[in-house]
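Observations on chain architecture
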Amino acid sequence: ETGVTQSPTHLIKTRGQQVTLRCSSQSGHNTVSWYQQALGQGPQFIFQYYREEENGRGNFPPRFSGLQFPNYSSELNVNALELDDSALYLCASSRDSHGNEQFFGPGTRLTVL
Amino acid sequence: SQQGEEDPQALSIQEGENATMNCSYKTSINNLQWYRQNSGRGLVHLILIRSNEREKHSGRLRVTLDTSKKSSSLLITASRAADTASYFCAAVSGGSNYKLTFGKGTLLTVNP
């Protein structure tokens, strides 16, 4: 039990729709990272937020966006969903942005039909 | 792109045996981390080894790092059925903002 929670657990959307995934970080953690994990693959880094500012981004298009709030919660928004966006989305919080241990939530399984 | 690449992709052993997984990465790193994932759920941090360290122990885990070969290995001794999971290495690099780059993982099955 890491103290990081995500909602919802599962979600089904259709192509072209928009989705918002939510994460609640461990208390005191000012950094949150989001990952996309396709079936049979390792997690792929989407972006990281540090003190409510984007602090690094992976190779994902601008339709993937995020927000981090002062109360240790954060959101991942994906616009214009594509079939290939079907994956497990993981958030992870950490005490700082210096590449130390990350604490992962259980993930949100997104299916795009 | 995947920075860390684990080897083997799958490993099946008997309870009590040791399991060794290897990881290679491509660029300079600040540290390398190993994580475990059960059944497509969240990842659990196992151990972190910094670029200036060569070996680290934590309980039944032993991690080595060879920066000249850009490789790391994870040894789990006296394995248990509960160790059955996917294991990922994550290379950590970056200047002002650090990010974890994961490999595809090794699926370890420990048979009772």
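Above this text sits the structure in question.
Here goes a summary of the coordinates provided. (Residues numbered from 1 in each chain as written. Chains lettered and ligands numbered in written order. Predicted model: local features only at pLDDT ≥ 70, side-chain atom pairs only at ≥ 80, totals over all residues. Heavy atoms only, no water.)

1. Section: the sheet that holds strand S7 (residues 61-66) of chain B
Residues and elements named next belong to chain B. Pairing is antiparallel in the open sheet, where five strands are placed in the order S1-S3-S8-S7-S6. Strand pairing shows two members of the sheet lacking a second neighbour, strand S1 (5-7) and strand S6 (55-58), which therefore form its edges. The mean angle between the axes of side-by-side strands here comes to 20°, regardless of whether they run parallel or antiparallel. Note that S1 and strand S3 (residues 19-24) share three bridges and pair antiparallel. Bridged to Glu 5 within S3 is Ser 24. (Pairing = 2+ DSSP bridges. Helix = DSSP H or I, 4+ residues; strand = E, 2+ residues; numbered from the N terminus. Axes fitted to C-alpha atoms, helices over the stretch in contact; angles between N-to-C directions.)

2. Some points on the pattern of salt bridges
Tallied over the entire structure, the rule returns seven salt bridges over all chains. Of the charged contacts, one joins Glu 75 of chain A and Arg 22 of chain A as a salt bridge, the two residues approaching to 3.7 Å between their closest N and O atoms. Here Arg 22 of chain A lies in strand S3 (residues 19-24) and Glu 75 of chain A lies in strand S8 (residues 73-78), a separation of 53 residues in the sequence. Residue Lys 56 of chain B pairs with Glu 53 of chain B through a salt bridge whose shortest N-O separation is 4.0 Å. Using a relative accessible area of 29% as the deciding quantity, one classes Lys 56 of chain B as partly exposed. Judged by relative accessible area, which is 24%, Glu 53 of chain B ranks as partly exposed. Taken together, the shared-partner salt bridges in this structure form one network comprising Arg 63, Glu 82 and Asp 85 of chain A. (Salt bridge = Lys/Arg side-chain N within 4 Å of Asp/Glu carboxyl O. Buried < 20%, exposed > 50% of the residue type's maximum accessible area, 1.4 Å probe, protein only.)

3. Thoughts on the interface of chain A and chain B
Opposite the 25 residues of chain A that make contact, chain B presents 23 residues. Contact between chain A and chain B buries roughly 1,900 Å² in total, counting both sides, with carbon and sulfur atoms accounting for 47%. For chain A, the biggest contributors to the area lost against chain B are Pro 43, Gly 99 and Phe 104 of chain A; these three give 21% of the whole. Applying the counting rule to chain A against chain B returns zero salt bridges. Taken together, chain A and chain B are joined by five residue pairs in polar contact (both at pLDDT 80 or more). Counting only elements with at least two residues in the side of chain A that touches chain B, the list comes to strand S4 (31-37), strand S5 (44-50), strand S6 (53-57) and strand S9 (87-94) of chain A. At three residues, S5 of chain A tops the list of elements feeding residues into the side of chain A that touches chain B. Classifying every residue of the side of chain A that touches chain B by side-chain character gives seven nonpolar, 16 polar and two charged. (Contact = heavy atoms within 4.5 Å. Buried area = accessible area lost by both parts, 1.4 Å probe. Polar contact = N/O pair within 3.5 Å; in protein donor to acceptor, adjacent residues only side chain to side chain. Nonpolar A, V, L, I, M, F, W, Y, C, P; charged D, E, K, R; others polar.)

4. Let's talk about the nonpolar core
Nonpolar side chains in soluble globular proteins generally cluster together in the buried interior. In this structure, Leu 32, Trp 34, Leu 74, Ile 76, Tyr 87 and Leu 108 of chain B are the most contacted members of the largest nonpolar core, which totals 22 residues. Secondary-structure elements contributing two or more residues to this core are S3, strand S4 (31-37), strand S5 (43-50), S7, strand S8 (71-76), strand S9 (85-93) and strand S11 (106-111) of chain B. (Core = buried A, V, L, I, M, F, W, Y, C linked by side-chain atoms within 4.5 Å.)

5. Quick notes on the sheet that holds S8 of chain A
Residue and element names in this part refer to chain A. Across the sheet, which stays open at both edges, the four strands sit in the order S1-S3-S8-S7 with antiparallel pairing between neighbours. Strands at the two margins of the open sheet, each flanked by one partner only, are strand S1 (5-7) and strand S7 (64-68). Taken over all neighbouring pairs, the strand axes of this sheet differ in orientation by 20° on average, direction set aside.

6. Looking at the pairing of S3 of chain A
Taken residue by residue, a regular strand's side chains alternate between the two faces of the sheet. Residue and element names in this part refer to chain A. Burial along S3 is one-sided: the face carrying Val 19, Leu 21 and Cys 23 is buried and the face carrying Thr 20, Arg 22 and Ser 24 is not. Here S1 pairs with S3 via three bridges, running antiparallel. Each residue of the ladder has a partner; that of Ser 7, found in S3, is Arg 22. In this sheet, S8 lies alongside S3 in antiparallel orientation, the contact comprising six bridges.

7. Considerations on the pairing of S6 of chain A
All names here are of chain A. Judged from the three bridges that link them, S5 and S6 form a sheet pairing that is antiparallel. Paired with Tyr 49 across the bridge in S6 is Glu 54. Here S5 folds back onto S6 in antiparallel fashion, the turn holding two residues, of which Arg 51 has a positive phi close to 50°.

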